[in-house]
Amino acid sequence: MSEVIINTAKTARQVLLQQVQAIPEELFDIQPAGFNNTIRWNVGHMIYWMDMYSTLGFGSQSAALPDSYYTLFSSGTKPLDWTIAPPSKEELVEMLSAQLSRLSEVTPEMLDEKLSTPFALGPFQFNTSGELLNFKLIHEAFHLGTISSQLKVLSR
């Protein structure tokens, strides 16, 4: 079952990568009415959290993101508050691709490993690397759905 989770994570990231590559960069910074953030923010947020989950769950899997990713894309941030330039679409695509490559290094045995400290997120607590990877899948699906909704609004 663990291999299925890893393959699903890789497939989900491939889908995300293809979707992001297909979006014109001029749409990345438009915040449609009714949305809290932009496409660029959602993509950066997924990269940021994938790095966080990988660091917590797999230790050396971290991409060593620039400090600006925390400032720009952590939970509770928004483009209206940005005081530094965000990464370009090209940089975001490169980071998504690098993270996809690192997913190939994850083994089924790694998913069963206990976290050194359980990770709490709101009412949820994750105890293993596999639990974090599963939550990453849910998290990315949510944000990909948001991006799809933003694109529908922007195309009107």
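Residues numbered from 1 in each chain as written. Predicted model: local features only at pLDDT ≥ 70, side-chain atom pairs only at ≥ 80, totals over all residues. Heavy atoms only, no water.

The protein chain is annotated in an unreviewed UniProt entry as Formate dehydrogenase of Paenibacillus nasutitermitis.

Let us now look at the pattern of salt bridges. Evaluated as defined, the whole model comprises five salt bridges. Aspartate 29 is the salt-bridge partner of arginine 40, the closest N and O atoms lying 2.7 Å from each other. Note that arginine 40 is positioned in helix H2 (residues 39–58) and aspartate 29 in the loop between helix H1 (2–22) and H2, a separation of 11 residues in sequence. The salt bridge partner of lysine 136 is glutamate 140, with a shortest N-O separation of 3.4 Å. Here lysine 136 and its partner glutamate 140 are both found in helix H6 (residues 129–154), four residues apart, which amounts to about one turn of the helix. The buried category is assigned to lysine 136, whose relative accessible area is 1%. Note on glutamate 140: relative accessible area 5%, which makes it buried. Three or more residues are tied together by salt bridges with common partners; here these are Arg13, Lys136 and Glu140. (Salt bridge = Lys/Arg side-chain N within 4 Å of Asp/Glu carboxyl O. Helix = DSSP H or I, 4+ residues; strand = E, 2+ residues; numbered from the N terminus. Buried < 20%, exposed > 50% of the residue type's maximum accessible area, 1.4 Å probe, protein only.)

On to H2, then. Because each turn of an α-helix spans 3.6 residues, side chains separated by three or four positions end up pointing in the same direction. The end-to-end C-alpha separation of H2 is 28 Å, in line with the 28 Å expected for 20 residues at 1.5 Å each. Where burial is concerned, most of H2 is hidden: 17 out of the 20 residues are buried. With its phi angle positive at about 60°, glycine 59 sits one or two positions after the end of H2. (Expected span 1.5 Å × (residues − 1).)

Turning our eyes to something else, we now look at the packing of aromatic side chains. The final tally for this structure, using the stated rule, is 10 aromatic pairs. For the ring pair phenylalanine 119 and phenylalanine 126, a centre distance of 6.5 Å and an interplane angle of 25° mean the geometry is stacked. Between phenylalanine 126 and phenylalanine 135, the aromatic rings sit 5.1 Å apart at their centres with planes inclined by 45°, giving tilted as the arrangement. Residue phenylalanine 126 is classed as buried on the basis of its relative accessible area of 9%. Take phenylalanine 135: its relative accessible area is 17%, and that puts it in the buried class. An aromatic cluster of at least three residues, connected via ring pairs, comprises Tyr48, Trp49, Tyr53, Tyr70, Phe119, Phe124, Phe126 and Phe135. (Phe/Tyr/Trp six-rings, centres within 6.5 Å; stacked < 30°, edge-to-face > 60°.)

Glancing now at a negative patch on the surface. Taken together, the side chains of Glu3, Glu109, Asp112 and Glu113 define an acidic patch exposed on the protein surface. For glutamate 3, the position within the fold is in helix H1. Overall, glutamate 3 belongs to the exposed group, its relative accessible area being 55%. (Patch = residues over 30% accessible without salt bridge, like charges linked within 9 Å, V, L, I, M, F, W, Y side chains within 5 Å. Areas by Shrake-Rupley, 256 points an atom, 1.4 Å probe, with all protein chains shown as cover. Lys, Arg positive; Asp, Glu negative; His and termini not counted. Charge placed at Lys NZ, Arg CZ, Asp CG, Glu CD.)

Core analysis: the largest hydrophobic core is formed by 41 residues, its most contacted members being Val43, Ile47 and Tyr69. Mapped by element, the contributors of at least two residues to this core are H1, H2, helix H3 (67–73), helix H4 (89–103), helix H5 (108–111), strand S1 (114–121) and H6. A per-element tally of this core places H2 first, with 10 residues. In contact with isoleucine 47, other than residues within four places in its own chain, are Leu65, Tyr69, Leu92, Met95, Leu96 and Gln99. (Core = buried A, V, L, I, M, F, W, Y, C linked by side-chain atoms within 4.5 Å. Contact = heavy atoms within 4.5 Å.)

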